[in-house]
Structures are given as C-alpha cells and as structure tokens.
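# Architecture and fold: a report
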Amino acid sequence: MDFENLESPYFIGEIGINHNGDLQIAKKLMDAVFACGWDCVKFQKRNPDVCVPEKQKNVIRDTPWGKMTYLDYKYKVEFGKTEYDYINKYCKEKPLNWTTSVWDLDSLQFTINYDVPFIKIPSALLTNLELLKEAAQTDIPLIVSTGMSTFEEIDTAINLITKHGAKPVLMHTNSSYPTPNSELNLNLIPVLKKRYDCIIGYSGHEYDLEPTVIAVALGAQVIERHITISHNLWGTDQKSSLEVHAMDLLKKRANEIWNMLGSSDKVVTPSEIPIREKLRIS
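Rules and cut-offs
Residues numbered from 1 in each chain as written. Predicted model: local features only at pLDDT ≥ 70, side-chain atom pairs only at ≥ 80, totals over all residues. Heavy atoms only, no water. Salt bridge = Lys/Arg side-chain N within 4 Å of Asp/Glu carboxyl O. Helix = DSSP H or I, 4+ residues; strand = E, 2+ residues; numbered from the N terminus. Buried < 20%, exposed > 50% of the residue type's maximum accessible area, 1.4 Å probe, protein only. Axes fitted to C-alpha atoms, helices over the stretch in contact; angles between N-to-C directions. Parallel < 35°, antiparallel > 145°, perpendicular 65-115°, else oblique. Left-handed = near helix turned anticlockwise from the far one by under 90°. Contact = heavy atoms within 4.5 Å. Nonpolar A, V, L, I, M, F, W, Y, C, P; charged D, E, K, R; others polar. Pairing = 2+ DSSP bridges. Right-handed = clockwise from strand over helix to strand, strands pointing away. Expected span 1.5 Å × (residues − 1).

Looking up the protein in an unreviewed UniProt entry gives the name N-acetylneuraminate synthase family protein, with the organism given as Methanoplanus endosymbiosus.

### What about the pattern of salt bridges?
Under the criterion given, the structure shown has 14 salt bridges. Linking Glu-224 and Lys-42 is a salt bridge whose minimum nitrogen-to-oxygen distance equals 3.5 Å. Of the two residues, Glu-224 is situated in strand S10 (residues 222-226) and Lys-42 in strand S2 (residues 40-45); the sequence distance between them amounts to 182 residues. The residues Glu-224 and Lys-42 share a single accessibility class, namely buried. A salt bridge links Asp-85 to Lys-81, with the shortest nitrogen-to-oxygen separation between them at 2.7 Å. Of this pair, Asp-85 and Lys-81 both sit in helix H5 (residues 81-93), four residues apart, which is roughly one turn of that helix. Classification of Asp-85 as partly exposed rests on a relative accessible area of 31%. Connected via shared salt-bridge partners are Glu-14, Lys-42, Lys-120 and Glu-224.

### Concerning the packing of helix H8 (residues 151-163) against helix H9 (residues 188-196)
Contact geometry for H8 and H9: axes closest at 12 Å, N-to-C directions at 40°. Classified by the angle their axes make, H8 and H9 are oblique. Helix-helix and strand crossings are classified by hand; for H8 and H9 the assignment is right-handed. Together, Phe-151, Ile-154, Asp-155 and Ile-158 of H8 and Leu-188, Val-191, Leu-192, Arg-195 and Tyr-196 of H9 make up the contact between the two elements. Residues belonging to the contact of H8 with H9 are distributed by class as follows: seven nonpolar, no polar and two charged.

### Some points on the packing of helix H1 (residues 23-35) against H5
Two elements in contact, H1 and H5, have axes separated by 11 Å at closest approach and are oriented at 25°. Between H1 and H5, the angle is such that the two are roughly parallel. When the axes of H1 and H5 are compared, the crossing they make is right-handed. Taken together, the residues of H5 that come into contact with H1 (itself represented by Leu-23, Lys-27, Met-30 and Asp-31) are Glu-83, Tyr-86, Ile-87, Tyr-90 and Cys-91.

### Description of the pairing of S2
By the criterion of burial, S2 is predominantly enclosed, with six of the six residues buried. Alternating residues of S2 divide into Cys-40, Lys-42 and Gln-44 and Val-41, Phe-43 and Lys-45, and every residue in both groups is buried. Here four bridges tie strand S1 (residues 10-16) to S2, and the two strands are oriented parallel to one another. In the strand pairing of S2, Gly-16 is matched with Phe-43. Regarding the hand of the β-α-β motif, the stretch spanning S1, H1 and S2 is right-handed. In terms of strand pairing, S2 meets strand S5 (residues 97-102) through six bridges, oriented parallel. The partner of Gln-44 across the bridge, within S5, is Ser-101.

### Observations concerning helix H11 (residues 244-261)
Taking 1.5 Å as the rise per residue, H11 with 18 residues should run 26 Å; its terminal C-alpha atoms sit 26 Å apart, in good agreement. Where H11 is buried, its residues contact S1, H1, helix H10 (210-217) and S10. With its phi angle positive at about 55°, Gly-262 sits one or two positions after the end of H11.

This is the structure:
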C-alpha cells in the first residue's frame, strides 16, 4: 500500500468486533464500506488465551448468548480461518481492501498469510516491543496508533520499527470510547508529523464528524473510524461508531476539505489566468 501519493484521504472502516461474531453483520458492514467509497475494512485479531489476563478469564459476563466466562465470550466473538477465508474472498470480489489489528504474535502470523495492504498495531500494543519488531520484519506496511501513550513511548516504538526497515503511518488517537471533545487534542497532528517525519493519520472515537474533518485540515492523510449497522446493537463500541449514513457524509466532507487544502506551491491557478491577463498591468 502506497500512502505517499494519496489523491484523497484513505478511509478505514474499523469493524473491530462490532460484528458480534456474526459473519452476516460483518458482510453488511463490508457492503457499507464499499458503497460509501471507503478504502479498507479492518477487523481485530486476537488469540484470547494470550490476550485475556488470567484474572479476567473466569469472570462471568452477561452476554446476548447468556452468562459465560469472559474467555468464552472472547472466543464467541472471535473470527477464525473459516470466517477470514470468506472475508478475503468476499472483499476480492468487490474489490475492497481488508486487514486486521493484531493483538499478539499468533494473530500477526495468522494475518500475514493473507494478502493484506497493511497491518495495524493498536494503541494497547504500542509498548509490546516483540510484536513491533516482528511486524516490522514482515515487509508489510504498518499503521501504528498512539492512544494512551507518551512521546517517550512513541519514540521507542518508532525507533525500533525504523531500525528494522519500516516507516509506519502514525495515527493520532485517544483511546477512550467515546472520547470527550475536550480531550481530542487535534493540535498534536502537525506536531507528530514534524517530530517523526512520517505520514500521520487520525483514528477517531468521538460521537461527532467535525473532529475528523478538522483532522484532515490539520494534515491527517489516513482516517479510521469505528463503524456499525446500528447504535442499538449489543457491544461497548457500537455507540461511538458511525452508522452508514454518517460514513457517507464524513467521506464527502473530508474529500471537500482535502480539495480545498490543495497545494502548498504558490502558482497562478487556471481560473486566475484570464483574470490576470485582463487586470494585471506591467
């Protein structure tokens, strides 16, 4: 995936686990991403045995499928090879890019067996140096989120990734769901771009569309938003996700802003040429 020469913001529809383990819901969301002209659909891949803390594994949770342990619940909503084979085939037929956020080494190895355009490192794994190293060595482009992180932690991650030959896209984000507008700190976008000299994106978890549009105006070239077919579905991420009509509106508004920003070169524009010839006196 070439993020260096984008002609418009690159839009990622984060399904995450909003499919609730239902491939038909995932299919509807893939359809929505394609219909709205977004560029990629993304899932989250985990090995629950590795990712769920031991103290959480046997905690009983109320779910739409009844009471079960937290570990059993995580397996209930986790797609495996059968589902991803279907996702891979379905997206190729459209065509539509797809990929995953990898939460552990097993999930990284699982994902690279497919022809994905990039791999996402979620904010929670920014300090997992072993995962960063292995991901950087795959020669697959990386997108790295920076939520709940300090500059020092980001410095360490970027230095390790670049040491192993990769130059990631860095996503500004806040990891609370939903994020209060007062904590979005969008001014960090140009700061990150200057500090790390790489492509900067924005992963938004707020209710509104405006912060994402502003992020594009501030220099974000890759946009990620959680998506859902209904805010009323069960799950903690559904309320702060975009429904289909909002996905369409956001894409159009972001593209308008991108076109308004235009070039940083000072030139006589095509519409100015006849005016210049008419009014300019030498």
